[in-house]
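Here is what each chain is made of, one letter per residue.
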Amino acid sequence: MSGRLVKTTSLGVNRLWQGRVALSRVAALVLVTCALNACSIFDKDTVTVPDEPADKLYNEGLYLLNTKKDAKAAAKKFEEVDRQHPYSEWARKSLIMSAFAYYEAGSYDDCINSARRYVTLHPGSPDTAYAQFLIGSSHFDQIPEISRDQDRTEKAVQSLEEVARKYPTSEYAMAAKKKIEVARDQLAGKEMDIGRQLLNTRNYTGAINRFKVVVTRYQTTRHVEEALLRLTEAYMSLGIVDEAQTSAAVLGHNFPDSRWYKDAYALMQSKGLEPSENKGSWISRAFKLG
């Protein structure tokens, strides 16, 4: 009896164990299923909003720009087109529009970033000239006063010269050239400002170097006439008479009605001298090259 009882009990234990294993597997399956269902439920709460149609976003940007006059909000809307619909034609259009909208908003650094990205991604597009023009214009609109550092002015000239050089037949080439003239005049003015300060402190060599930059680099600006007079004064102060005579002569030859020439001529007369051009002087050569 006891042996059979033991055998029966062992068999029952085995069956019970197998049943528990089966239940454990079912339970595990249920847990996995529940976990998946839980994830599915969670995803419903964090699901990404479906992309809006590109044309809808683009037109909303135009509405914000033209009707609402909210250029910065318009730029953000155009950027959304690029984010949701990259590499599409709408994205290309929106990128140049975002650059323009940022320019209108006065967000010049954002404009430059968008415009540069456009030039990089779409170098052969008809709007690339305009993108480059926006870069130059953004720097141009930030040109500081003469007493400040002129780094922005230098960047404006470089960017706008690229428009004139790469896209000479575009509608923006002429506008770029006009802005270049203004920016170059500003750079010449900065050199003159420093040169006058050096002249006033009797640092004649330093002053000559500054005025020389105006004569050689910015010869077509309005500052070149005064630069020639100041060269006459600085050379006379150093006793370098032939260069003083040459600068006065070049000034009189190129700008005979200039008030600066009248001052230079008067200075020559006060020393018993006459303006006389030395053809070998750097001043004479600079104007022949110009």
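Basis of the calculations
Residues numbered from 1 in each chain as written. Predicted model: local features only at pLDDT ≥ 70, side-chain atom pairs only at ≥ 80, totals over all residues. Heavy atoms only, no water. Helix = DSSP H or I, 4+ residues; strand = E, 2+ residues; numbered from the N terminus. Contact = heavy atoms within 4.5 Å. Phe/Tyr/Trp six-rings, centres within 6.5 Å; stacked < 30°, edge-to-face > 60°. Buried < 20%, exposed > 50% of the residue type's maximum accessible area, 1.4 Å probe, protein only. Lys NZ or Arg CZ within 6 Å of the ring centre and 35° of its normal. Salt bridge = Lys/Arg side-chain N within 4 Å of Asp/Glu carboxyl O. Core = buried A, V, L, I, M, F, W, Y, C linked by side-chain atoms within 4.5 Å. Expected span 1.5 Å × (residues − 1). pLDDT = per-residue confidence, 0-100.

Trainee: Describe in detail the environment of Ala264, supporting the description with residues and values.
Mentor: Structurally, the position occupied by Ala264 is in helix 12 (residues 259–270). Each C-alpha atom of the pair Ala264 and Arg230 lies 8.5 Å from the other, and the pair is 34 residues apart in sequence. Residues in contact with Ala264, not counting those within four places in the same chain, are Leu229, Thr232, Ala248 and Leu251.

Trainee: Outline the packing of aromatic side chains, supporting the account with residue identities and numerical values.
Mentor: Here the structure, examined in full by the defined rule, presents 6 aromatic pairs. Look at Tyr58 and Trp90: their rings are 5.1 Å apart centre to centre, the planes differ by 55°, and that puts the pair in the tilted class. One end of the pair, Tyr58, is in helix 2 (residues 54–66); the other, Trp90, is in helix 4 (residues 89–105), with 32 residues separating them in the sequence. Note on Tyr103 and Tyr108: the rings are 5.8 Å apart at their centroids and 65° apart in plane angle, and the pair reads as edge-to-face. Tyr103 gets classed as buried once you look at its relative accessible area, which sits at 18%. Members of the aromatic cluster, joined through ring pairs, are Tyr58, Phe78 and Trp90. A cation sits over an aromatic face here: Lys93 above Trp90, 5.0 Å from the ring centre. Positioned above the aromatic ring of Trp260 is the side chain of Arg259, whose terminal nitrogen or guanidinium carbon lies 3.8 Å from the ring centre.

Trainee: Account for the pattern of salt bridges, naming residues and giving values.
Mentor: When the charged atoms of two side chains with opposite charge come close together, those side chains can pair. Within the structure shown, the criterion is met by 16 salt bridges. The closest approach of N and O atoms between Arg83 and Glu80, which form a salt bridge, is 2.4 Å. Of this pair, Arg83 and Glu80 both sit in helix 3 (residues 71–84), 3 residues apart, which is roughly one turn of the helix. For Glu80, a relative accessible area of 22% translates into the label partly exposed. Put simply, Arg230 and Glu233 hold a salt bridge, and the shortest N to O gap is 3.0 Å. Taken together, the residues Arg230 and Glu233, both in helix 10 (residues 224–238) and 3 residues apart, mark about one turn of the helix. Residue Glu233 is classed as partly exposed on the basis of its relative accessible area, which comes to 24%. Linked by salt bridges that have partners in common, Glu52, Lys56, Glu60 and Lys77 make up one network.

Trainee: Break down unusual backbone geometry for me, citing the residues and quoting the values.
Mentor: The phi dihedral of Lys69 is positive, around 55°, even though this residue is not glycine. Along the chain, Lys69 falls in the loop between helix 2 and helix 3. A positive phi angle, near 70°, is found at Tyr87, a position not held by glycine. Structurally, Tyr87 can be placed in the loop between helix 3 and helix 4. Under the relative-accessibility criterion, Tyr87 is labelled exposed at 84%.

Trainee: Pulling in residues and values, what's your account of the nonpolar core?
Mentor: Membership of the largest hydrophobic core comes to 70 residues, with the highest contact counts inside it found for Leu134, Val215, Leu228 and Leu231. A total of 8 residues in this core trace back to one element, the largest contributor, which is helix 10. The contact partners of Leu134, leaving out residues within four places of it in the chain, are Ile96, Ala99, Phe100, Tyr103, Cys111 and Ala115.

Trainee: I'd like a description of helix 6 (residues 128–140), backed by residues and values.
Mentor: In this model, helix 6 (13 residues) spans 18 Å end to end at C-alpha, consistent with the 18 Å of a helix rising 1.5 Å per residue. Judged by how many residues are buried, helix 6 sits mostly within the fold: 13 of 13 residues are covered.

Trainee: Report on the side chain of Gln186, specifying residues and quantitative values.
Mentor: Considering the arrangement of structural elements, one finds Gln186 in helix 8 (residues 173–200). Ignoring anything within four residues of it in the chain, the contact list for Gln186 reads Ile143, Pro144, Glu145, Ile146, Gln150 and Thr153.

Trainee: I'd like a description of the confidence of the model for the chain, backed by residues and values.
Mentor: Residues with a pLDDT of 70 or more make up 82% of the chain, whose mean pLDDT is 87. Taken as a whole, residues 1–48 scores under 50 in pLDDT and shows 0 contacts with residues more than four places along the chain or in a different chain.

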